[in-house]
Amino acid sequence: MPVLFYFQLASYSDPRHILRQYWGYETFRPLQEDIVRASLEGKDVLALLPTGGGKSVCFQVPALAKEGICLVVSPLIALMKDQVAQLNRRDIAAVAIYSGMKPREIDITLDNCVYGNIKFLYVSPERLKTELFRERLQRMNVNLIAIDEAHCISQWGYDFRPPYLEIAELRELLPEVPVIALTATATPEVRDDIRDKLAFRTVQEVFRKSFARANLSYSVRYEDNKDGKLLEILRVVKGSAVVYVRSRKRTQQIAQWLTKQGISADYYHAGLSNEQRDQKQDAWIKSHTRVIVATNAFGMGIDKPDVRVVAHMDLPDTLEAYYQEAGRAGRDEKKAYAVVLYNQDDLEALRSRVQQAYPSIDYLRRVYQCLANYYKIAVGSSQMESYDFDLQAFAHTYRLQALEAYHALKKLEEEGFIQLNESFYQPSRAYFTMDNRDLYRFQIEQGAYDPLIKALLRHYGGELFSTFVKIDERQLGGSIDKPAGEVVRMMNFLHEREVLIYDPKKDRPQVTFITARFDSTKLPIDKELLDQRRKLNIDKAESVITYVTHHHRCRTQILLEYFGEINDDRCGVCDICVEEKKAGKLSPETEKEAEEAIINLLSNNGPLLPDQVKEKLQTARLSATKAEAFTLSLRHLIEEGRVKYDEMGRLRLS
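Cut-off values and rules
Residues numbered from 1 in each chain as written. Predicted model: local features only at pLDDT ≥ 70, side-chain atom pairs only at ≥ 80, totals over all residues. Heavy atoms only, no water. Helix = DSSP H or I, 4+ residues; strand = E, 2+ residues; numbered from the N terminus. Rg over C-alpha atoms; globule rule 2.2 N^0.38 Å. Contact = heavy atoms within 4.5 Å. Lys, Arg positive; Asp, Glu negative; His and termini not counted. Charge placed at Lys NZ, Arg CZ, Asp CG, Glu CD. Phe/Tyr/Trp six-rings, centres within 6.5 Å; stacked < 30°, edge-to-face > 60°. Buried < 20%, exposed > 50% of the residue type's maximum accessible area, 1.4 Å probe, protein only. Lys NZ or Arg CZ within 6 Å of the ring centre and 35° of its normal. Pairing = 2+ DSSP bridges. Axes fitted to C-alpha atoms, helices over the stretch in contact; angles between N-to-C directions. Right-handed = clockwise from strand over helix to strand, strands pointing away. Parallel < 35°, antiparallel > 145°, perpendicular 65-115°, else oblique. Left-handed = near helix turned anticlockwise from the far one by under 90°. Nonpolar A, V, L, I, M, F, W, Y, C, P; charged D, E, K, R; others polar. 1 Å grid on protein atoms, 1.4 Å probe; cavity = no way out; pocket = protein on both sides within 12 Å on 5 of 7 lines; lining within 4 Å. Points joined across faces, edges and corners; volume = space filled by probe spheres on them.

**Q** What exactly am I supposed to notice about the overall build of the protein here?
**A** Of regular secondary structure, the protein possesses 26 helices and 21 strands. A globule of 654 residues ought to have a C-alpha radius of gyration of about 26 Å, and the protein, at 28 Å, matches this closely. Dimensions of the protein along its principal axes, counting C-alpha atoms only, are 100 × 60 × 55 Å. For the protein, contacts bridging at least 24 residues in sequence account for 76% of all contacts bridging at least 6. Charged side chains of the protein number 91 positive and 93 negative; the gap between the two group centres comes to 3 Å.

**Q** Whenever I open this one, the packing of aromatic side chains confuses me. Can you help?
**A** Here a ring pair, both rings aromatic, is described through the centre-centre distance and the interplanar angle of the planes. Using the criterion set out here, one finds 23 aromatic pairs in the structure. Considering the side-chain rings of Tyr368 and Phe417, the 6.2 Å spacing of their centres and the 65° angle between planes classify their relative orientation as edge-to-face. Here Tyr368 is found in helix 14 (residues 361-374), whereas its partner Phe417 is found in the loop between helix 16 (402-414) and strand 15 (418-421), with 49 residues between them in sequence. Accessibility classification places Tyr368 together with Phe417 in one group, the buried group. By the ring-pair criterion, three or more aromatic residues cluster together here, those being Tyr368, Tyr374, Tyr375, Tyr387, Phe389, Phe394, Tyr398, Phe417, Phe513 and Phe518. Geometry around Trp284 places Lys304 over its ring, the cationic atom sitting 5.4 Å from the centre. Its guanidinium or amino end placed over the ring of Tyr547, Arg555 lies 5.5 Å from that ring's centre, counting from NZ or CZ.

**Q** Explain the sheet that holds strand 5 (residues 142-147) to me, please; I cannot follow it from the model alone.
**A** Sheet strands pair by backbone hydrogen bonding; their relative direction is either parallel or antiparallel. Pairing is parallel across the open sheet formed by seven strands, whose spatial order is 3-4-2-5-6-1-7. Each end of this open sheet is capped by a strand with a single partner; those strands are strand 3 (94-97) and strand 7 (204-208). Mean inter-strand twist for the sheet, computed between neighbouring axes without regard to direction, equals 15°. One ladder, built from three bridges, connects strand 5 with strand 6 (residues 179-183); its direction is parallel. Its bridge partner lying in strand 6, Ile147 is registered against Ala181. Sitting on the sheet, helix 5 (residues 103-115) is in contact with strand 2 (69-73), strand 3 and strand 4 (120-123), with an inclination near 140° to strand 3.

**Q** In this structure, what is going on with the pairing of strand 3? I would like to understand it.
**A** When a strand is regular, its side chains alternate between the sheet's two faces. Alternating residues of strand 3 divide into Ala94 and Ala96 and Val95 and Ile97, and every residue in both groups is buried. Note: strand 3 against strand 4, four bridges, orientation parallel. Bridge assignment links Ala96 to a residue of strand 4, and that residue is Tyr122. For the segment spanning strand 3, helix 5 and strand 4, crossover handedness is right-handed.

**Q** Is there a simple way to explain the packing of helix 2 (residues 32-40) against helix 3 (residues 55-65) in this structure?
**A** At their nearest, the axes of helix 2 and helix 3 sit 9 Å apart, and the two run at 40° to each other. Classed by the angle they form, the pair helix 2 and helix 3 counts as oblique. The interaxial crossing formed by helix 2 with helix 3 has right-handed handedness. Contacts between helix 2 and helix 3 involve Gln32, Ile35, Val36, Ser39 and Leu40 from the former and Val57, Cys58, Val61, Pro62 and Ala65 from the latter. Counted by class, the contact of helix 2 with helix 3 contains eight nonpolar, two polar and no charged residues.

**Q** Any chance you could explain the layout of surface pockets here in plain terms?
**A** Empty space among the atoms becomes apparent when a probe as large as a water molecule is rolled across them. The calculated volume of the second largest pocket comes to roughly 1400 Å³. As for the second largest pocket, its lining consists of 45 residues, of which Thr546, Arg553, Glu561, Asp646 and Gly649 are closest to the centre. Those elements giving two or more residues to the lining of the second largest pocket turn out to be helix 8 (188-197), helix 13 (344-356), helix 21 (527-549), helix 22 (555-562), helix 25 (610-619), helix 26 (627-639) and strand 20 (643-645). Tallying contributions element by element places helix 21 first for the lining of the second largest pocket, with nine residues. In the lining of the second largest pocket, the residues fall into 19 nonpolar, ten polar and 16 charged.

Below, the structure written as structure tokens:
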């Protein structure tokens, strides 16, 4: 357990000094210093920085520059734990509260935030509504409220979390405390919603870094043999790679197949144990493994700068998710590639997947009732209680189809009734409830447990008397010459005798009841909101389909436009731009003929998809229907404003 060295904040008021002291950097990245200084001036700030843009520094530095504690709201337990660990490694005191923790541990952690030297308190949004948290919060000297993944507050966002709406009430409790909201993916509608839902004050600033990545080449390939194309890409482009698929089983199949082809590969998904995930991730980060084949459980909080390829073998549900995952390539600002491999079946699978993700309200009520029965929870009880969860066992018990049940659980999560953590891990923890004098008496009376108690104090020190401390049963067993299983038995004995509180490690998915259990027949599901979310996600899926089926427009421009950033400059490195460069320039006569053919076709046939225009021109056997003539002429017509895309990705005359 690292010892934290606390500091006098007065001597660290300069943001650049803090950056140098704790991060070792001489200068901030673009926009970071502007964001930090706006926050220090007490303004409410919205910061839109792409994946890998250094968002955490933007709130951690101003929080360190002022007296008091920074409250950080984050939706992902794994991300909270990662950031707390990183701060602790920098000798900055940080703690986190999330579902799955024991009430006593939460109580102690909050007390340390009120009376101790804690600088950062990370909480999941679900925690904000509890009376215990709100009562303690008002006794803390809060200097900043940071909202990570701020798009979760907007029902128009791709990952809406109703508990985020509780944040506005925090502002009523702490009216003078500024807010900084951070996200990597927000459309213009979502940006406006963030500021509204967070009750931004008149004095506010919005900082937005371009979503363009000059070194990242986006490509899309229509392939029936996607595995073969992936192998070709990995043989041509050297260096580390991430391959995203949707199925856990497929991660293992592809990784094993790549290994047989002579490419070092491993697989990763949320169903693995924490030790397995850590080992696989560590081997990949250190480049002992070249390719990691993973579900979307992989990547959050991982900052490996030299990833050369991110390949998607299945279509993501949204462009927000795709941008985040693809953005893990080329963070060292050297040339990198983001490739989507798809075929017609993938388009239909995506549309079907979005439809299936919205079960009927009657089915949602049924699954909720089954969940309450599964854990024998009475109406009105179990608010913020967490339970180990096995989807397959749950579905089998109530004769539910596992995938349908999973979709229902995710919708119940979106409605704010439960929280499902699929890759939950928490190491064993201990906390001495006896004081030194009583503990000494117990050691004399129970001599068989004296070696273990001494080993606990030797390894983890006096901190065991003030807070819950992570412990390692194997390490303790080595100290007292006992197997880990015997240490667990002894710790349980000490727990039963109230010598200490022992919380054994958890490495299974967790389900948490965010609200007290409802009578399922009276479950307050907002049908109108559910229908709106369904339509929104269908539209988002269609945006993905538009992106991959476009063959005549710069990929970067499509992504930028989706996020509300209009840029006439073509990236020059995506597959479309590269093909156009190869095609070269047309003669004025050929270009004019092609432009006239396109305009006449759209005039007579109305809006058409680019491929439909190209197909009709080819059928007409016009001399100007060569691929390069069509592509370049269409680009010129769009740049001149004579032709534009409608919301369905079709071409029409302006």
